[in-house]
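Analysis of the macromolecular model
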Amino acid sequence: MHLSAIKLRGFKSFPEPVEVRLEPGVSVVVGPNGSGKSNVADGLVWAAGSLSPSELRAEKPDDVLFAGGGSRNPVDFCEVELLFDNSGGDGPVEYSDLSVARRLHRGGEGQYLLNRTTVRRIDLVELLADLGLGSGMHSIIGQGKVE
C-alpha cells in the first residue's frame, strides 16, 4: 500500500485545487523558492491529524487557510486529501483505494473524512498508525533539516 496522491485545496498557498501524484518508492518535492514545497509537506502532516500549529509553521489553526493576496480573496475552507493505493491488498484495510481527508472551515469547524465519510480524529489517527503513518512512524525532511 502506498500514498499515491496528495490533493490540496485552499490550503496555505494553494487557493485552487492541486494534485501531487506520487509513485511507489522514495518521493521528493523539488521546485524554486516560494513554489509551495514546504506547504505540501505541511498538508501531509495536517491531514494526518496534527493539532500543533507550530508543526505546520503557523501561529493559530486558521493559518492553514489561504488568506488571500493580490486579486484573490481568502478561501472559506481548506481541504487536504491523502489517496492510498491498496490494489495489491497489502494494507490493513479492505479497500483497494483509500481516501483520508481533513477539512477546515473559516471560523473553526473541521472534519476528518475516511472515503468521504465523516469520522472522529482518533479513528483517522489510529488508521494511519495501522498504515505506518502514525506519529513518529514517518519522516518528512524539511528545509534546513538535511545537515
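Above this text is the structure in question.
The structure reproduced in this document is the subject of the present report. (Residues numbered from 1 in each chain as written. Predicted model: local features only at pLDDT ≥ 70, side-chain atom pairs only at ≥ 80, totals over all residues. Heavy atoms only, no water.)

1. Description of the overall build of the protein chain
To keep things clear, this is the line we draw: Per the convention used, a helix needs a DSSP run of H or I reaching at least four residues, while a strand needs a run of E reaching at least two, with both numbered from the N terminus. With the radius of gyration taken over C-alpha atoms, the globule rule is written as 2.2 Å times the number of residues to the power 0.38. Categorising residues by exposure relies on relative accessible area from a 1.4 Å probe, with only protein chains included: less than 20% of the type maximum marks a residue as buried, more than 50% marks it as exposed, and the intermediate range marks it as partly exposed.
In terms of helices and strands, the protein chain carries 2 helices and 6 strands. When its helices and strands are written in sequence order, the protein chain yields β-β-α-β-β-β-β-α. Radius of gyration (C-alpha) of the protein chain: 15 Å, near the 15 Å computed for a compact globule of 147 residues. Once the C-alpha set of the protein chain is aligned to its principal axes, its extents read approximately 45 × 40 × 25 Å. Counting every position in the protein chain, which comprises 147 residues, the buried fraction comes to 35%.

2. Regarding the pairing of strand 1 (residues 2-9)
As a reminder, the rule being used: Strand pairing is assigned whenever DSSP detects at least two bridges linking the two strands.
Note that strand 1 and strand 3 (residues 77-85) share 7 bridges and pair antiparallel. Bridging from a neighbouring strand, R9 pairs with E79 of strand 3. Taken together, the 4 bridges between strand 1 and strand 2 (residues 18-21) define a ladder with antiparallel strand orientation. What sits directly across from K7, in strand 2, is E19.

3. Description of the packing of aromatic side chains
The condition is simple: The rule is short: rings of Phe, Tyr and Trp, with Trp giving its six-membered ring, pair when the centres are within 6.5 Å, and they are stacked under 30 degrees, edge-to-face over 60, tilted in between.
Enumeration according to the criterion identifies 1 aromatic pair in this entry. Judged by centre distance (5.3 Å) and plane angle (40°), the ring pair of F11 and W46 falls under tilted. Of this pair, F11 sits in the loop between strand 1 and strand 2 while W46 sits in helix 1 (residues 37-47), and the two are 35 residues apart along the sequence.

4. Examining the sheet that holds strand 4 (residues 97-105)
Cut-off, in case you're wondering: Each axis is a line fitted through C-alpha atoms, and for a helix only the stretch in contact is used; angles between axes span 0 to 180 degrees, taken between their N-to-C directions. Note on definitions: a residue-residue contact is assigned when non-hydrogen atoms from the two residues lie within 4.5 Å.
In space, the 6 strands of this open sheet follow the order 2-1-3-4-5-6, with antiparallel pairing throughout. Each having just a single partner strand, strand 2 and strand 6 (117-119) make up the two edges of the open sheet. The mean angle between the axes of side-by-side strands here comes to 20°, regardless of whether they run parallel or antiparallel. Along the sheet, helix 1 contacts strand 1, strand 2, strand 3 and strand 4; its crossing angle with strand 3, the most-contacted strand, is approximately 80°. Packing against the sheet, helix 2 (residues 121-130) makes contact with strand 3, strand 4, strand 5 (110-114) and strand 6, and its axis sits at approximately 140° to strand 4.

5. Some details on the pattern of salt bridges
The following threshold applies: The term salt bridge refers to a side-chain nitrogen of Lys or Arg lying within 4 Å of a carboxyl oxygen of Asp or Glu.
The full count for this structure, using the stated rule, is 9 salt bridges. A salt bridge links E79 to R103; its shortest N-O distance comes to 2.6 Å. Taken together, the residues E79 in strand 3 and R103 in strand 4 connect sequence positions 24 residues apart.

6. Re the nonpolar core
Under the convention used in this document: Among buried residues, those of type Ala, Val, Leu, Ile, Met, Phe, Trp, Tyr and Cys that are joined through side-chain atoms within 4.5 Å constitute a nonpolar core.
By size, the foremost hydrophobic cluster in this structure holds 30 residues, and its most contacted members are I6, L8, W46, V80, L82, F84 and V100. Listed by contribution, the elements that provide at least two residues to this core are strand 1, helix 1, strand 3, strand 4 and helix 2. No other element matches the 5 residues that helix 1 contributes to this core. Setting aside chain neighbours within four positions, we find V100 in contact with A47, V80, E81, L82, F84, L113, L114, L124, L127 and L128.

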